[in-house]
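So the chains spell out like this:
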Amino acid sequence: MSKASLTGALAAIDAVNADAGLPVYFTSVQRDPCGNADAYGPLCEEILRDSSARHVVGCVTSLSRKEVIPSLEKLDGTLWYPLPYEGFEASDRVIYTHACPNQHLLPLLDWAMPAHGRRVYLTGSNYIWGWEINRLARMTIVEAGGVVLGERYLPIGATDVERMIDEIRVSCPDFVLNSLVGASSYAFLRAYHALSLTDPRFTPERCPMLSCNLTECEFPPLGAAAEGLISAGPYFRGISGWQGQIDFGSSHEAASYGAVTELARLLAHHGPGSEHLPLAQLLAGAGGMVDAGTHHTRLPVIIAQVRNGAFEVIQNRGIVVGDPFLSRDVGTAATPLRVVS
Amino acid sequence: MKRQVRSKYLGGARALILHRPHLNVLALARQLRAIGLVVDEAWPELGAQALATDFIFFDADMGYDGQFPWPAGEAPMPMIAMIGSEAPGRIEWSLQIGAHAQLLKPITGSGVYSAVLIARDAFDRQRAQAAEIADLRRRLDGRRAVVRAVMLLMQMGKSEADAYGQLRQMAMSWQISFEDAALRVVARYAAEGGDDQRNRG
């Protein structure tokens, strides 16, 4: 995932620098915290202190994002965060260029419950992503008259998924929402794929496996177990439209590409010297994809399923404004979403 | 009556910031609007709009008694103190005013959402407890009336069991609570000018 973000950002820097029509030239300063949560703050500080860079693209987990915010505040920097997350944050130092729950989870449930039913099994990693996604899912499902048959968590990295699989086999839900991450998720998806081969009640047609953050980045470790998985996101490989006609490897790549090109557009809009503008002024009156109030972005919302090794669109719900606190009555092109109340 | 916040996620709720114009107010207002609230500012007078707001953020540093149109500690909405100086006197004043949560200056975006949710929860619990205490007090007073009513009926020659039986009968036929029936008996007996028992407990 971090490689995809880096690829997208570097491709965008090349594109901006090659664009004769843009009076902006970027140089990149790179630091790799290697996934160590304690290294993000110091390395972000190093970038802002030792170079003229004021905008940082990066971070994968919410933990790492929260780690860099104090450094951004102290040294007047901005983070462009290009990964899906669980919402309920609107830092004035961060721009969120990937989806939050009204752009992934809620549309996914809004599609899945009428299509498959309201009896749901929830899994997650013991981490804010799993906890918050499942909390919101449970609330949405119960309010829709559905029932949560089980909700199980694993520590990050744990792969003992047998109990989850057993409970799914016994409770026979209409669909499963998977918010496990990393190795736990791969182990779980492989075990569920194996179950579907022996028990026809658990094929993708009868009991699909849904997630809010699955992208093409995870195809290699999943192999055949990726087949039939359903995900929501702003982009899937081969679907042009978002960020122009470029074919990205995944939405992570597209979201970091979009972060850099949007920054270039804002700098060009305000003219020379605008690299020193406070973020609020940089965003003011400039239009574009970023909502100046919440720093979240207008994104396509697409629900897609892995078929023959690639995502195929099930439903394209058009452009949806990010609503991190679920407090605005934002709709989608397909079905107006209720604010969960 | 105060308008209730309908949305669990605060969309459209109103917040009033009682603080002189300042960067802290800008940062707070920005974050509250991002969360979805409608924000008003006031200083130093709260104004009538205070009664229609759902949350009040007040300056603990320069705030003073008399800024709020209700008795200290009885705000009809959650109150959040904006604290710069952590001097004990200022914290004590914030508590007297009835702070349900606090934000430390300088105010940035972080901490605002949790302060709103914690204040709302503390306010709801405080209000539920106050209602429960009032109900318990009413029932306690009722038990005193029952004892007095039974004693009055016993003075008229009834046994204790018969006195209780008569009270129960009255409550049923008047379709009121046992305690309220006892209050009526006590009041009627006193009004009829019998042996005045009002000072006996």
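Residues numbered from 1 in each chain as written. Chains lettered and ligands numbered in written order. Predicted model: local features only at pLDDT ≥ 70, side-chain atom pairs only at ≥ 80, totals over all residues.

Chemist: What should I look at first to understand helix H5 (residues 128-143) of chain A in this one?
Modeler: The periodicity of an α-helix, 3.6 residues per turn, causes residues three or four places apart in sequence to face the same way. All names here are of chain A. Relative to the 22 Å expected for 16 residues at 1.5 Å per residue, H5 spans 22 Å between its end C-alpha atoms, a close match to the ideal helical length. Turning to H5, its buried residues number three or more, namely Trp129, Gly130, Ile133, Asn134, Leu136, Ala137, Thr140 and Ile141. Here the buried residues of H5 occupy an arc of 165 degrees about the axis, which is enough to place them on one side. Where H5 is buried, its residues meet helix H3 (62-75), helix H4 (105-116), strand S4 (119-125), strand S5 (147-154) and strand S6 (175-179). One or two residues past the end of H5 sits glycine 145, with phi positive at roughly 90 degrees. (Helix = DSSP H or I, 4+ residues; strand = E, 2+ residues; numbered from the N terminus. Expected span 1.5 Å × (residues − 1). Buried ≥ 20, exposed ≤ 12 C-beta atoms within 10 Å, placed from the backbone. Arc of directions from axis to C-beta. Contact = placed C-beta atoms within 7 Å.)

Chemist: How should the pairing of strand S9 (residues 298-307) of chain A be read in this particular structure?
Modeler: In summary, the side chains of a regular strand alternate between the two faces of the sheet. Residue and element names in this part refer to chain A. For S9, the buried fraction is high: 7 of the 10 residues fall into the buried class. Where strand S8 (residues 230-233) meets S9, 4 bridges bridge the pair, whose relative direction is antiparallel. In the sheet register, isoleucine 230 faces S9, and the bridge partner there is glutamine 305. (Pairing = 2+ DSSP bridges.)

Chemist: Explanation requested: helix H1 (residues 2-18) of chain A in the structure shown.
Modeler: All names here are of chain A. Over its 17 residues, H1 extends 24 Å from the first C-alpha to the last, a length consistent with the 24 Å expected when each residue adds 1.5 Å. Along H1, the residues classified as buried are Ala4, Ser5, Gly8, Ala9 and Ala12. The buried residues of H1 occupy an angular sector of 130 degrees when projected down its axis, which confines them to one face. The exposed set on the far side of H1, more than 90 degrees from its buried face, consists of Lys3 and Ala18. Close packing links the buried residues of H1 with strand S1 (55-57) and helix H9 (251-270).

Chemist: Looking at this structure, how should I read the sheet that holds strand S2 (residues 78-81) of chain A?
Modeler: Whether parallel or antiparallel, the strands of a sheet pair through hydrogen bonds between backbone atoms. Residues and elements named next belong to chain A. Ordered in space as S1-S2-S3, the 3 strands form an open sheet in which the pairing is parallel. Two strands in the sheet have a free side with no partner beyond their single neighbour: S1 and strand S3 (94-96). Put simply, the sheet's adjacent strands are angled 20 degrees from each other on average, direction ignored. Pairing of S1 with S2, which is carried by 3 bridges, proceeds in the parallel orientation. Opposite histidine 55, over in S2, you have threonine 78 as the bridge partner. The sheet contacts of H3 involve S2 and S3, and relative to S2 the element is tilted by about 160 degrees. (Axes fitted to C-alpha atoms, helices over the stretch in contact; angles between N-to-C directions.)

Chemist: I would appreciate a short explanation of the environment of B:Ala50 in the present structure.
Modeler: All names here are of chain B. Considering the arrangement of structural elements, one finds alanine 50 in the loop between strand S2 (38-42) and strand S3 (55-59). Exposure remark for alanine 50: the 21 C-beta atoms within 10 Å place this residue in the buried category. In this structure the C-alpha to C-alpha distance between alanine 50 and glycine 36, which are 14 residues apart in sequence, comes to 19 Å. What alanine 50 contacts, discounting residues up to four positions off in sequence, is Leu16, Ile56 and Pro69.

Chemist: What's the story with the packing of helix H6 (residues 162-171) of chain A against helix H7 (residues 182-198) of chain A in this structure? I'm lost.
Modeler: Think of two packed helices as two axes; the pair is described by the angle between the axes and how far apart they sit. All names here are of chain A. Where H6 meets H7, the axes come as close as 10 Å, and the angle between the chain directions of the two elements is 40 degrees. You can see that H6 and H7 cross each other, and the crossing is right-handed. Where H6 abuts H7, its residues Met164, Ile165 and Arg169 lie against Phe188, Ala191, Tyr192 and Leu195. Considering only residue class, the contact of H6 with H7 consists of 6 nonpolar, no polar and 1 charged. (Left-handed = near helix turned anticlockwise from the far one by under 90°. Nonpolar A, V, L, I, M, F, W, Y, C, P; charged D, E, K, R; others polar.)

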